[in-house]
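A structural walkthrough
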Amino acid sequence: MNYDFDTLVDRDIAVRGTGKYSIMHDSKGNRPPKGTVPLSVADMEFRTAPCVVEALRSEVDFALWGYHMVTPSYREACCRWMETRHSWTVQPEWIVPIEQVVPSLYVALWAFTDPGDGVIVQTPAYHHFIGATEHTGRKVLENQLLVDEKGHYTINFDDLREKAKEAKMMFLCSPHNPSGRVFTLEELRQIGDICLENNVLVVADEVHHDLIQKAYTHHVYASIGEKYAQNCVVCTSLSKTFNLAGLCFASIIIPNPDLRAKFQSTMSTRGFKHTSRFGPVAHEAAYREGGEWLDQLIDYVKGNYDYFKAFMAQHFPKVVVTELEGTYLAWFNCTSFGLSDEEMRDFLTDECLLYLDNGYEFGSAGSGYQRINLACPRKILTDSLDRLYAGAKARGLADNAN
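Rules behind the numbers
Residues numbered from 1 in each chain as written. Predicted model: local features only at pLDDT ≥ 70, side-chain atom pairs only at ≥ 80, totals over all residues. Heavy atoms only, no water. Helix = DSSP H or I, 4+ residues; strand = E, 2+ residues; numbered from the N terminus. Rg over C-alpha atoms; globule rule 2.2 N^0.38 Å. Buried < 20%, exposed > 50% of the residue type's maximum accessible area, 1.4 Å probe, protein only. Contact = heavy atoms within 4.5 Å. Lys, Arg positive; Asp, Glu negative; His and termini not counted. Charge placed at Lys NZ, Arg CZ, Asp CG, Glu CD. Pairing = 2+ DSSP bridges. Expected span 1.5 Å × (residues − 1). Arc of directions from axis to C-beta. Axes fitted to C-alpha atoms, helices over the stretch in contact; angles between N-to-C directions. Salt bridge = Lys/Arg side-chain N within 4 Å of Asp/Glu carboxyl O. Core = buried A, V, L, I, M, F, W, Y, C linked by side-chain atoms within 4.5 Å.

1. Considering the overall build of the chain
- When its secondary structure is counted, the chain shows 14 helices and 15 strands.
- Taken over the C-alpha trace, the chain has a radius of gyration of 21 Å; the compact-globule value for 402 residues is 21 Å, and the two agree within 12%.
- Looking at the 402 residues of the chain, the share that counts as buried comes to 56%.
- Put simply, 75% of the contacts in the chain that link residues at least 6 apart link residues at least 24 apart.
- Computed over 39 positive and 52 negative side-chain charges, the separation of the two mean positions in the chain equals 2 Å.

2. A word on the pairing of strand β7 (residues 167-173)
- Taking burial as the measure, the seven residues of β7 include six buried ones, the bulk of the element.
- Pairing of β7 with strand β8 (residues 201-205), which is carried by five bridges, proceeds in the parallel orientation. Directly across from C173, in β8, lies its bridge partner D205.

3. Description of helix α8 (residues 185-197)
- For α8, which comprises 13 residues, the first-to-last C-alpha distance of 18 Å matches the rise-based estimate of 18 Å (1.5 Å per residue) to within 8%.
- Those residues of α8 not exposed but buried are E187, L188, I191, G192, I194 and C195. Down the axis of α8, the buried side of the element spans an arc of 165 degrees, and every buried residue falls inside it. Among the exposed residues of α8, those oriented more than 90 degrees off its buried face are E186 and E197.
- In this fold, the buried residues of α8 make contact with β3 (118-123), α7 (157-164), β7, β8 and α9 (226-229).
- N199 sits one or two residues past α8 and shows a positive phi near 55 degrees.

4. Let's talk about the sheet that holds strand β4 (residues 139-144)
- Across the sheet, seven strands lie side by side as β2-β10-β9-β8-β7-β3-β4; this open sheet has mixed pairing. Lying at the two open borders of the sheet, with one neighbouring strand each, are β2 (95-98) and β4. Adjacent strand axes in the sheet meet at a mean angle of 25 degrees when their direction is disregarded.
- Contacts between helix α4 (residues 72-86) and the sheet are confined to β2, β9 (232-236) and β10 (250-253), with β2 contributing the most and set at about 115 degrees to the helix.
- In the packing of helix α5 (residues 101-112) onto the sheet, the strands contacted are β2, β3, β7, β8, β9 and β10, and the crossing angle to β7 comes to about 165 degrees.

5. Thoughts on the pattern of salt bridges
- Counting across every chain of the model gives 20 salt bridges.
- A salt bridge links E76 to R80; its shortest N-O distance comes to 2.8 Å. Of this pair, E76 and R80 both sit in helix α4, separated by four residues, roughly a single helical turn.
- A residue is classified by how much of its surface remains accessible, and E76, at 31% relative accessible area, is partly exposed.
- Linking K309 and E323 is a salt bridge whose minimum nitrogen-to-oxygen distance equals 3.1 Å. Placement of the pair is K309 in helix α12 (residues 291-315) and E323 in the loop between β11 (320-321) and β12 (329-333), with a sequence separation of 14 residues.
- Overall, the relative accessible area of 31% leaves E323 in the partly exposed class.
- Residues joined in a network through salt bridges with shared partners are E76, R80, E284 and R288.

6. Topic: the sheet that holds strand β15 (residues 369-373)
- A sheet is described by the order of its strands in space; here four strands give the open sequence β11-β12-β15-β14, paired in antiparallel fashion. In this open sheet, the two strands that pair with only one neighbour each are β11 and β14 (357-358).
- Two strands pair when backbone bridges link them, and β11 and β12 are joined in this way by two bridges, in the antiparallel orientation. Its bridge partner lying in β12, V321 is registered against F332.

7. Remarks on helix α13 (residues 341-351)
- Here α13 has its buried residues at D341, M344, F347, L348 and T349.
- Tucked inside the fold, the buried residues of α13 contact β13 (354-355), β15 and α14 (378-395).
- Of the residues flanking the end of α13, it is L353, one or two places downstream, whose phi is positive at about 55 degrees.

8. Thoughts on the nonpolar core
- Core analysis: the largest hydrophobic core is formed by 99 residues, its most contacted members being F337 and F347.
- By residue number, the principal contributor to this core is α12, which donates 10 residues.
- Judged by nonpolar contacts, the second largest core, of 31 residues, contains A108, V203, C235 and F272.

This is how it looks when you write it as structure tokens:
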């Protein structure tokens, strides 16, 4: 079956309350002009898989949505998906349901660290890793990734060894957001060995781990060896994979029974009691029947990335676009425009009517970069890039980046 990723969907914020549209603002803090395009927050401009819609429609028709427990059927479907898509054998009791991945980061911090403890974050980094660490009174230990002239990111293992001496926990974002790196088996085991040697717990946020380009292989951290599995918490969800973020559901998978019990106890004391009924229903349908839809989505995103990279090479050849290995988020270096971070933000928003994620929002290591969400119909992407080029020509910036 061929699925539709080209249809434009009107996400009118007045009607739908769509988050990524409502947070946009111009350089003065005002709502930007109508028609400004958000290629920012990591949700998609695609309707989800039909199997998910059908399952939710059936649940709506049931019309009895009282308190519930996640079913054995859901757990079995999740385990099967991990086995077939990731070659990872998961036991049903390892799965801890929670409302979202981000709250699980806080629960892990409360459960396994104390105020003042060091937490390793690999930067540039999704802002919630730093935010959760700081908001809970822990200390961010920045392990800045190394980047070469082609935009390829690698791990600074010498620095990681030093930071691990001060750390109690490490947030591993795999695949990495915003760089899109899919870490190799060797890299993951080296991370794991350093953490084991220093008694550092690994909390692996793998929310993007189904969105892997075909030339690459993602390894779930807990699957790389038993000793690593016993020293980790793996945070998963289909919120990115099938555009289900608004249903607020995630599966935290913890093989170590002692770690799992402590995590669950902390959830309870912090008031995490129940999840949405609709989240597990949608996830189970996707786990059971959504594989073909996902495969086509990944191909479509690759086509968008290829178009984006070719457009930048043609019109802005000095802009360095990082290779997309995983996620649907492209990361690119804009320093050739000759603008400061703030000037680049204002140029995109005020003159091009584009709302991207500014690199500095991912920490100082992201300065000079932008992150663009490629999970949209190709017409949205092509029109947006045409706006960028027109805006750059009008400002005389195209020559800077050529």
